[in-house]
Amino acid sequence: MTELHELSLKETVDGLQSKKFSSVEVTDAYIKQIENNRDLNAYVLETFDQARESAKAADKNIAAGNARPLEGVPLGIKDLYCTKGVRTTACSNILRNFVPPYESTITQNLWNAGALMLGKLNMDEFAMGGTNTTSCFGPVKNPWDKTRIPGGSSGGSAAATAMDMACATLGSETGDSIRTPASMCGVVGMKPSYGRCSRYGMISYSSSLDQGGPITKTVADAAIMLKYMAGYDHKDSVCADLPVPDYEASLKKDVKGMRVGYIREFNELGGVHEDVYKGYRDCLNAFKAEGADVVEVSIPHVIFAGQIYAVLANCEAASNLARYDGVRYGLRVDGDGSLDDMYLETRGKGFGWQIKRRLVIGSYMLSAEQYDTYFKQAQRIRRLLFNEFAEAYNQVDVIMAPITPDAPCTIEQVLNGADVVSRQGCLIDLLTMPMAMAGVPGIAVPAGSVDGMPFGIQLCAKRFDEETVFHAGYALEQMLKGDK
Amino acid sequence: MAFTKEKIKQLAYITRVKVTDEEAELIVKDFEGTMAWLETFISADTKGVEPLTSFMNVAMPFNKDEVKEGDQAELVVSEAPEKEGTFFVVPKVVE
């Protein structure tokens, strides 16, 4: 018999609304699952009392016939979303005791739809990293092999989703932080177009790239989650004032006539494991067999994506993280009594080494002498890359690519700075960051295994065409189900 | 440009973050690697290309100049590490 925590979000919603089981029962099942898997270190804060209270209230609403669309559905929230009255740290010591007096728009939208929170999920400090080893709460373990990383920065969200420790979770992405951990943990991760969801109340890293998205058990679940997360918000000046489509209506198996692109520049990448490469080719062939047109596209500037990211993200972080000053909120460490020394000590003790490294690099690149060489140059190449994507989407509806080129590294390899970690990291950057630089939506769908570890395939469409992303993602998920 | 430990410490001061000697040495190494990696990037041909600063091809929206959630001074200072009434307290900056 399927246990309650094993159900997809869609199945859970159906069961709750038809009163097959109660929200209290579902919530208790997830709480038990979280308690049984604490060794993964996926949650950094458990809010079980609050969750049980919310579940009781949800059951009352359902009984009274007032159920909202996600009434009583238990979610896990990346610890980057500000949650009113509930500690939010971005997994950094500088915010270790921060209790936001306000709620992020995305979480508020989900609570308005009836969902409830089980707790806050581990992540790389300030979402900077792809390994989930830089959190001030310690690394997250991959549920498939506890010696390995879950990917990052949304590592807690992906691990919790894979281990049924939440019905669905929230992640967020700047370069690849939803798609990569989803791929490494064998779950679905959806990164919407930049501008689709409000960033209000999400702790900023790189403001021209940050975007929230769901990590879920199925593609349909991601479609349902996004429907309730997205929408215009006057509190975020780059949040698009566009209608939010009913993404569930896009979940179709039929791909006849769909134009599926693959990127020529990814064809001969050394370092992609043959099993991953074969899985990727098999997915392309599966679409072809179902009547899709498979088309090669060229996006020459993809080779610069990792570098654009390294420059823009570090520069924008150097600017964004200036707000942690020991005055208004967060950690304060007094120095020799001067204001200057208080800043130095607070930030010196509050930030981890990775953050300091990025702030120093970012400050250098933003200096008057270097600004044009690095920051402006990154924005110029980004324009070229953006234009090439726009051109490619004149030829195809969706672009398919691998995400993680091999089984994830071990936590020990990361902590020891083994060469394989940076080699794998560079390849992941190359495969994932072009899409982030272009601000397009994409989904990671589990597509096979390599050395006993899962890997995903990504499908990305043009800006604000999440419907095609869900259509192609759902179709791929169903094709692969048929294989089993 | 050579990146020395002193140069890194100077940059760290500009961004107001204290780094230890050991951290400064690690950042020197990292800097050298990053700068070498960025050489092809710096020399990429971008003549005449307009920098992409935002995806959103719309004018920045203006909110009306009106109070929506006012009188919340206590809430605003609620997370301050040091406060006096509804004021943030900072180390003395003038004699």
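The present account deals with the structure reproduced in this document.

How each quantity is defined
- Starting from 1, residues in each chain are numbered consecutively following that chain's sequence as written.
- Key to labels: chains lettered from A, ligands numbered from 1, both in the order written.
- With the structure being a predicted model, the display of local features is reserved for residues of pLDDT at least 70 and the display and counting of side-chain atom pairs for 80 or more, all residues being used for whole-chain, interface and lining totals.
- Every helix listed is a DSSP run of H or I at least four residues long, and every strand listed is a run of E at least two residues long, numbered separately from the N terminus.
- The atom set for the radius of gyration is the C-alpha atoms, and the globule formula is 2.2 Å times the number of residues raised to the power 0.38.
- Neighbour counting defines burial: a residue surrounded by 20 or more other C-beta atoms within 10 Å of its own C-beta is buried, one with 12 or fewer is exposed, and intermediate counts give partly exposed, using backbone-placed C-beta atoms.
- By definition, residues are in contact whenever their C-beta atoms, placed on the basis of the backbone, come within 7 Å of each other.
- Three categories are distinguished: nonpolar for Ala, Val, Leu, Ile, Met, Phe, Trp, Tyr, Cys and Pro, charged for Asp, Glu, Lys and Arg, and polar for the others, with Gly belonging to the last.
- The axes used here are C-alpha line fits, helices contributing only the stretch in contact, and every angle between their N-to-C directions lies in the interval 0 to 180 degrees.
- In these notes the angle categories are as follows: under 35 degrees is roughly parallel, over 145 is roughly antiparallel, 65 to 115 is roughly perpendicular, and the rest is oblique.
- Strands are treated as partners if at least two bridges between them are detected by DSSP.
- Handedness of a crossover: with both strands directed away from the viewer, a clockwise path from the first strand across the helix to the second marks it as right-handed.
- Here a nonpolar core is just a set of buried residues of the types Ala, Val, Leu, Ile, Met, Phe, Trp, Tyr and Cys, joined wherever their C-beta atoms sit within 7 Å.
- Here the expected length of a helix is defined as 1.5 Å per residue gap, with one fewer gap than residues.
- The arc in question is the one spanned by the directions pointing from the helix axis to the C-beta atoms.

**Some details on the overall build of chain A**
Link 1 in the chain: Helix and strand content of chain A: 15 helices and 11 strands.
Link 2 in the chain: Rg of the C-alpha trace for chain A: 21 Å, near the compact-globule value of 23 Å for 484 residues, within the 12% margin.
Link 3 in the chain: Seen along its three principal axes, the alpha-carbon backbone of chain A occupies a region of about 65 × 55 × 45 Å.
Link 4 in the chain: Evaluated residue by residue, chain A yields a buried proportion of 61% over its 484 residues.
Link 5 in the chain: Across chain A, contacts joining residues at least 24 apart in sequence account for 75% of those joining residues at least 6 apart.

**Observations concerning the interface of chain A and chain B**
Link 1 in the chain: Between chain A and chain B, the contact holds 47 residues from the first and 41 residues from the second.
Link 2 in the chain: Going through the elements one at a time, helix 9 (305-320), helix 10 (339-350), helix 11 (353-366) and helix 12 (372-395) of chain A are the ones with two or more residues in the side of chain A that touches chain B.
Link 3 in the chain: Element by element, the count of residues in the side of chain A that touches chain B is highest for helix 12 of chain A, at 10 residues.
Link 4 in the chain: Residues of the side of chain A that touches chain B, tallied by class, amount to 23 nonpolar, 14 polar and 10 charged.

**Quick look at the packing of helix 11 of chain A against helix 1 (residues 5-14) of chain B**
Link 1 in the chain: Contact geometry of helix 11 of chain A with helix 1 of chain B gives a least axis separation of 9 Å together with a crossing angle of 85 degrees. When the axis of helix 11 of chain A is compared with that of helix 1 of chain B, the two are roughly perpendicular. Judged by residue contacts, A:V360, A:S363 and A:Y364 of helix 11 of chain A engage B:I8, B:L11, B:A12 and B:I14 from helix 1 of chain B.
Link 2 in the chain: Of the residues in the contact of helix 11 of chain A with helix 1 of chain B, the class split is six nonpolar, one polar and no charged.

**A closer look at the pairing of strand 2 (residues 74-78) of chain A**
Residue and element names in this part refer to chain A.
Link 1 in the chain: The buried count for strand 2 comes to five of five residues, which makes it a mostly enclosed element.
Link 2 in the chain: What you see with strand 2 is no split at all: P74, G76 and K78 on one side and L75 and I77 on the other are buried throughout.
Link 3 in the chain: Where strand 2 meets strand 3 (residues 116-121), five bridges bridge the pair, whose relative direction is parallel. Directly across from G76, in strand 3, lies its bridge partner G119.
Link 4 in the chain: Traced from strand 2 through helix 4 (residues 105-112) to strand 3, the parallel crossover comes out right-handed.

**Examining the sheet that holds strand 6 (residues 211-216) of chain A**
Residue and element names in this part refer to chain A.
Link 1 in the chain: The strand order 1-3-2-4-6-5-10-11-9-7-8 describes an open sheet built from 11 strands, whose pairing is mixed. Two strands close off the open sheet at either side, each with one partner strand: strand 1 (43-46) and strand 8 (293-297). For this sheet the average axis-to-axis angle between neighbouring strands, irrespective of direction, equals 30 degrees.
Link 2 in the chain: As defined by bridge partners, strand 5 (residues 188-191) adjoins strand 10 (residues 442-450) across three bridges and the pair is classed as antiparallel. Each bridged residue has a counterpart across the sheet, and for G189 the counterpart in strand 10 is A444.

**Focus: unusual backbone geometry**
Residue and element names in this part refer to chain A.
Link 1 in the chain: Between G152 and S153 the backbone carries a cis peptide bond, its omega angle lying at 5 degrees.
Link 2 in the chain: Of note in this structure, N132 is not a glycine but carries a positive phi near 55 degrees.
Link 3 in the chain: Structurally, N132 is set in the loop between strand 3 and helix 5 (155-162).
Link 4 in the chain: Taking the number of C-beta atoms within 10 Å as the measure of exposure, N132 has 35 and is therefore buried.

**With respect to the nonpolar core**
All names here are of chain A.
Link 1 in the chain: With 164 residues, the main nonpolar core has L75, V219 and V398 as its most contacted residues.
Link 2 in the chain: The greatest single-element share of this core, amounting to 10 residues, is contributed by helix 9.
Link 3 in the chain: What L75 contacts, discounting residues up to four positions off in sequence, is L110, A115, L116, M117, L118, A166, C167, A168, T169 and L170.
Link 4 in the chain: Counting residues in hydrophobic clusters, the runner-up holds five residues, among them C409, I411, V414 and V421.

**Things to note about helix 8 (residues 274-289) of chain A**
All names here are of chain A.
Link 1 in the chain: For helix 8, built from 16 residues, the straight-helix expectation of 22 Å at 1.5 Å per residue is met to within 8% by its first-to-last C-alpha distance of 22 Å.
Link 2 in the chain: Taken as a whole, helix 8 has its buried residues at V276, Y280, C283, A286 and F287. On an axial view of helix 8, the arc spanned by its buried residues comes to 120 degrees, and they lie on one face. Among the exposed residues of helix 8, those pointing more than 90 degrees away from its buried face are E274, R281, N285 and A289.
Link 3 in the chain: Positive backbone phi, at 100 degrees, marks G291, one or two positions downstream of helix 8.

**Looking at the environment of A:Y474**
Residues and elements named next belong to chain A.
Link 1 in the chain: Checked against the element boundaries, Y474 lands in helix 15 (residues 466-483).
Link 2 in the chain: Each C-alpha atom, one on Y474 and one on C460, is 13 Å from the other, the two residues being 14 residues apart in sequence.
Link 3 in the chain: Residues contacting Y474, with those up to four places away along its chain left out, are V219, A220, L251 and K252.

**Some details on helix 2 (residues 23-36) of chain A**
Residue and element names in this part refer to chain A.
Link 1 in the chain: Its 14 residues give helix 2 an end-to-end C-alpha distance of 20 Å, which sits within 8% of 20 Å, the value for a rise of 1.5 Å per residue.
Link 2 in the chain: Taken together, the buried positions of helix 2 are occupied by S23, V26, T27, A29, Y30, I31 and I34.
Link 3 in the chain: Considering only its buried residues, helix 2 is in contact with helix 1 (9-17), strand 1, helix 3 (48-63), strand 2 and strand 3.

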